[in-house]
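For reference, the chains in residue letters:
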Amino acid sequence: MKEKTFFGFFFVLSLLTLFFLRDLAAKNSTEEEKILKVGIGAFQDGFDQIAAKQFSQFLTDYPNHPKSQEIRYLLGKTFLNTGKWKETRTAFLKILQENKDFEATDYALFWLAVAEVKLGNAEAARKALLSVVQQFPKFDWLDYAYYLLGHLDFRYRVSQAESSFKKASLISKHQELIRSSFFWLGILSYKQKHYETAIGY
(Lines give C-alpha, C1' and ligand atoms only; values in the text may rest on other atoms or scores of the structure.)
Protein backbone atom coordinates (compact mmCIF):
# COMPACT_ATOMS: atom_id res chain seq x y z
CA MET A 1 0.00 0.00 0.00
CA LYS A 2 1.69 3.15 -1.17
CA GLU A 3 -0.26 5.75 0.75
CA LYS A 4 2.06 8.61 -0.20
CA THR A 5 0.75 8.30 -3.75
CA PHE A 6 -2.66 9.17 -2.36
CA PHE A 7 -3.33 11.34 0.62
CA GLY A 8 0.13 11.75 2.13
CA PHE A 9 1.55 13.06 -1.13
CA PHE A 10 -1.43 15.40 -1.53
CA PHE A 11 -0.82 16.87 1.92
CA VAL A 12 2.85 17.43 1.21
CA LEU A 13 2.07 19.25 -2.02
CA SER A 14 -0.68 21.36 -0.47
CA LEU A 15 1.51 22.36 2.45
CA LEU A 16 4.40 23.24 0.18
CA THR A 17 2.06 25.41 -1.85
CA LEU A 18 0.62 27.08 1.24
CA PHE A 19 3.86 27.93 2.97
CA PHE A 20 6.55 28.16 0.32
CA LEU A 21 5.40 28.77 -3.23
CA ARG A 22 3.44 31.83 -2.20
CA ASP A 23 6.63 33.31 -0.73
CA LEU A 24 9.15 32.68 -3.49
CA ALA A 25 9.74 36.41 -3.75
CA ALA A 26 10.24 36.87 -0.03
CA LYS A 27 13.78 37.06 1.33
CA ASN A 28 12.98 35.66 4.76
CA SER A 29 10.70 32.81 5.77
CA THR A 30 8.76 32.93 9.00
CA GLU A 31 9.79 30.64 11.83
CA GLU A 32 6.78 28.36 11.29
CA GLU A 33 7.65 28.00 7.60
CA LYS A 34 11.24 27.10 8.46
CA ILE A 35 10.10 24.38 10.86
CA LEU A 36 7.70 22.93 8.32
CA LYS A 37 10.18 23.12 5.47
CA VAL A 38 12.62 20.97 7.41
CA GLY A 39 9.88 18.60 8.61
CA ILE A 40 8.25 18.12 5.22
CA GLY A 41 11.61 17.70 3.51
CA ALA A 42 12.61 15.06 6.04
CA PHE A 43 9.24 13.31 5.67
CA GLN A 44 9.58 13.17 1.89
CA ASP A 45 13.12 11.77 2.16
CA GLY A 46 12.15 9.11 4.70
CA PHE A 47 13.86 10.66 7.73
CA ASP A 48 10.91 10.07 10.02
CA GLN A 49 12.61 10.88 13.33
CA ILE A 50 13.72 14.30 12.10
CA ALA A 51 10.29 14.93 10.61
CA ALA A 52 8.57 13.90 13.85
CA LYS A 53 10.75 16.32 15.84
CA GLN A 54 9.89 19.21 13.53
CA PHE A 55 6.18 18.43 13.39
CA SER A 56 6.01 18.05 17.19
CA GLN A 57 7.76 21.39 17.64
CA PHE A 58 5.36 23.02 15.19
CA LEU A 59 2.30 21.70 17.03
CA THR A 60 3.73 22.83 20.37
CA ASP A 61 4.57 26.31 19.10
CA TYR A 62 1.50 26.80 16.89
CA PRO A 63 -1.32 24.65 18.34
CA ASN A 64 -4.07 26.79 16.79
CA HIS A 65 -2.57 27.02 13.32
CA PRO A 66 -5.21 26.37 10.60
CA LYS A 67 -3.11 23.50 9.25
CA SER A 68 -2.36 21.93 12.62
CA GLN A 69 -4.46 18.82 11.98
CA GLU A 70 -2.77 18.17 8.65
CA ILE A 71 0.59 18.43 10.40
CA ARG A 72 -0.66 16.10 13.12
CA TYR A 73 -1.63 13.63 10.41
CA LEU A 74 1.92 13.70 9.03
CA LEU A 75 3.24 13.35 12.58
CA GLY A 76 1.05 10.28 13.01
CA LYS A 77 2.47 8.83 9.82
CA THR A 78 6.04 9.31 11.05
CA PHE A 79 5.14 7.44 14.25
CA LEU A 80 3.48 4.69 12.22
CA ASN A 81 6.50 4.38 9.93
CA THR A 82 8.77 3.92 12.94
CA GLY A 83 6.50 1.48 14.79
CA LYS A 84 5.58 3.82 17.63
CA TRP A 85 2.07 2.48 17.96
CA LYS A 86 0.94 4.30 21.11
CA GLU A 87 2.03 7.62 19.66
CA THR A 88 0.37 6.71 16.36
CA ARG A 89 -2.91 6.00 18.11
CA THR A 90 -2.71 9.24 20.12
CA ALA A 91 -2.08 11.35 17.01
CA PHE A 92 -4.95 9.96 14.95
CA LEU A 93 -7.37 9.83 17.87
CA LYS A 94 -6.72 13.51 18.53
CA ILE A 95 -7.50 14.36 14.91
CA LEU A 96 -10.74 12.40 14.99
CA GLN A 97 -11.83 13.86 18.31
CA GLU A 98 -11.00 17.48 17.56
CA ASN A 99 -11.95 17.82 13.91
CA LYS A 100 -15.11 16.07 12.73
CA ASP A 101 -14.69 17.61 9.28
CA PHE A 102 -11.10 16.53 8.76
CA GLU A 103 -10.55 15.99 5.04
CA ALA A 104 -8.93 12.58 5.45
CA THR A 105 -11.02 11.07 8.23
CA ASP A 106 -11.08 7.78 6.32
CA TYR A 107 -7.28 7.55 6.33
CA ALA A 108 -7.08 8.64 9.97
CA LEU A 109 -9.52 5.88 10.93
CA PHE A 110 -7.62 3.30 8.89
CA TRP A 111 -4.25 4.15 10.43
CA LEU A 112 -5.86 4.25 13.88
CA ALA A 113 -7.13 0.72 13.25
CA VAL A 114 -3.64 -0.45 12.24
CA ALA A 115 -2.20 1.00 15.45
CA GLU A 116 -4.92 -0.62 17.56
CA VAL A 117 -4.20 -4.00 15.95
CA LYS A 118 -0.51 -3.63 16.73
CA LEU A 119 -1.38 -2.72 20.33
CA GLY A 120 -3.63 -5.77 20.65
CA ASN A 121 -6.85 -3.77 20.87
CA ALA A 122 -8.97 -5.83 18.49
CA GLU A 123 -12.34 -4.32 19.34
CA ALA A 124 -11.07 -0.75 19.00
CA ALA A 125 -9.53 -1.66 15.65
CA ARG A 126 -12.76 -3.29 14.53
CA LYS A 127 -14.76 -0.20 15.50
CA ALA A 128 -12.47 2.06 13.47
CA LEU A 129 -12.59 -0.22 10.42
CA LEU A 130 -16.38 -0.50 10.59
CA SER A 131 -16.52 3.29 10.53
CA VAL A 132 -14.35 3.26 7.40
CA VAL A 133 -16.43 0.74 5.44
CA GLN A 134 -19.78 2.16 6.56
CA GLN A 135 -19.04 5.86 6.15
CA PHE A 136 -16.53 5.90 3.28
CA PRO A 137 -17.59 3.51 0.50
CA LYS A 138 -15.17 5.19 -1.92
CA PHE A 139 -12.13 4.86 0.35
CA ASP A 140 -9.05 4.04 -1.73
CA TRP A 141 -8.21 0.99 0.38
CA LEU A 142 -11.70 -0.31 1.07
CA ASP A 143 -10.57 -3.80 0.07
CA TYR A 144 -7.82 -3.75 2.69
CA ALA A 145 -10.25 -2.45 5.31
CA TYR A 146 -12.60 -5.37 4.64
CA TYR A 147 -9.67 -7.79 4.64
CA LEU A 148 -8.50 -6.59 8.06
CA LEU A 149 -12.06 -6.82 9.34
CA GLY A 150 -12.18 -10.40 8.15
CA HIS A 151 -9.14 -11.25 10.23
CA LEU A 152 -10.46 -9.45 13.29
CA ASP A 153 -13.77 -11.34 13.06
CA PHE A 154 -12.22 -14.68 12.06
CA ARG A 155 -12.25 -16.30 15.46
CA TYR A 156 -15.57 -15.31 17.02
CA ARG A 157 -17.71 -13.78 14.25
CA VAL A 158 -17.50 -16.34 11.48
CA SER A 159 -20.36 -15.04 9.33
CA GLN A 160 -19.08 -11.45 9.54
CA ALA A 161 -15.56 -12.59 8.69
CA GLU A 162 -16.86 -14.52 5.70
CA SER A 163 -18.79 -11.49 4.49
CA SER A 164 -15.75 -9.22 4.84
CA PHE A 165 -13.41 -11.56 2.97
CA LYS A 166 -15.97 -11.93 0.17
CA LYS A 167 -16.31 -8.17 -0.17
CA ALA A 168 -12.54 -7.76 -0.17
CA SER A 169 -12.14 -10.32 -2.94
CA LEU A 170 -14.94 -8.78 -5.02
CA ILE A 171 -13.82 -5.16 -4.95
CA SER A 172 -10.05 -5.57 -4.90
CA LYS A 173 -7.84 -5.22 -7.97
CA HIS A 174 -4.85 -6.69 -6.15
CA GLN A 175 -4.35 -10.35 -6.97
CA GLU A 176 -2.36 -11.07 -3.82
CA LEU A 177 -5.15 -9.77 -1.60
CA ILE A 178 -7.80 -11.62 -3.64
CA ARG A 179 -5.91 -14.92 -3.35
CA SER A 180 -5.39 -14.39 0.37
CA SER A 181 -9.10 -13.62 0.84
CA PHE A 182 -10.00 -16.84 -1.00
CA PHE A 183 -7.59 -18.77 1.22
CA TRP A 184 -9.28 -17.54 4.39
CA LEU A 185 -12.72 -18.10 2.92
CA GLY A 186 -11.67 -21.71 2.33
CA ILE A 187 -10.52 -22.03 5.94
CA LEU A 188 -13.81 -20.57 7.19
CA SER A 189 -15.81 -22.95 5.01
CA TYR A 190 -13.78 -25.89 6.33
CA LYS A 191 -14.38 -24.78 9.93
CA GLN A 192 -18.11 -24.80 9.21
CA LYS A 193 -17.80 -28.27 7.61
CA HIS A 194 -18.72 -26.92 4.19
CA TYR A 195 -16.08 -29.08 2.61
CA GLU A 196 -17.13 -28.79 -1.02
CA THR A 197 -17.25 -25.00 -0.75
CA ALA A 198 -13.83 -25.03 0.90
CA ILE A 199 -12.37 -27.02 -1.99
CA GLY A 200 -13.85 -24.50 -4.42
CA TYR A 201 -11.71 -21.74 -2.97
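Refer to the preceding data block for the structure.
Residues numbered from 1 in each chain as written. Predicted model: local features only at pLDDT ≥ 70, side-chain atom pairs only at ≥ 80, totals over all residues. Heavy atoms only, no water.

### Remarks on unusual backbone geometry
Item 1. One non-glycine residue, Lys193, adopts positive backbone phi at about 65°.
Item 2. Along the chain, Lys193 turns up in the loop between α10 (175-191) and α11 (195-200). (Helix = DSSP H or I, 4+ residues; strand = E, 2+ residues; numbered from the N terminus.)

### Some thoughts on helix α7 (residues 122-135)
Item 1. The end-to-end C-alpha distance of α7, which contains 14 residues, comes to 20 Å, matching closely the 20 Å that a straight helix rising 1.5 Å per residue would cover.
Item 2. Residues of α7 that are buried: Ala125, Arg126, Ala128, Leu129, Ser131, Val132 and Val133. (Expected span 1.5 Å × (residues − 1). Buried < 20%, exposed > 50% of the residue type's maximum accessible area, 1.4 Å probe, protein only.)

### Brief notes about the pattern of salt bridges
It is possible for side chains of opposite charge to pair when their charged atoms get near one another.
Item 1. For the structure on display, the rule yields six salt bridges.
Item 2. For Glu116, the salt bridge is made with Arg89, and the minimal N-O distance between the two is 3.5 Å. Taken together, the positions of Glu116 in helix α6 (residues 105-118) and Arg89 in helix α5 (residues 85-98) put the pair 27 residues apart, joining distant regions of the chain.
Item 3. Among the residues examined, Glu116 registers a relative accessible area of 6% and is labelled buried.
Item 4. A relative accessible area of 23% places Arg89 in the partly exposed class.
Item 5. Asp153 serves as the salt-bridge partner of Arg126, at 2.5 Å between the closest nitrogen and oxygen. Here Asp153 lies in helix α8 (residues 142-153) and Arg126 lies in helix α7, a separation of 27 residues in the sequence. Each member of the pair, Arg126 as well as Asp153, is classed as buried.
Item 6. A single salt-bridge network, built from bridges that share partners, covers Glu123, Arg126, Asp153 and Arg157. (Salt bridge = Lys/Arg side-chain N within 4 Å of Asp/Glu carboxyl O.)

### With respect to a nonpolar patch on the surface
Item 1. On the surface, Val38, Phe47 and Ile50 cluster together into a nonpolar patch covering about 280 Å² of accessible area.
Item 2. Tracing the sequence through the fold places Val38 in helix α2 (residues 31-45).
Item 3. The exposure class of Val38 is partly exposed, given its relative accessible area of 41%. (Patch = residues over 30% accessible without salt bridge, like charges linked within 9 Å, V, L, I, M, F, W, Y side chains within 5 Å. Areas by Shrake-Rupley, 256 points an atom, 1.4 Å probe, with all protein chains shown as cover.)

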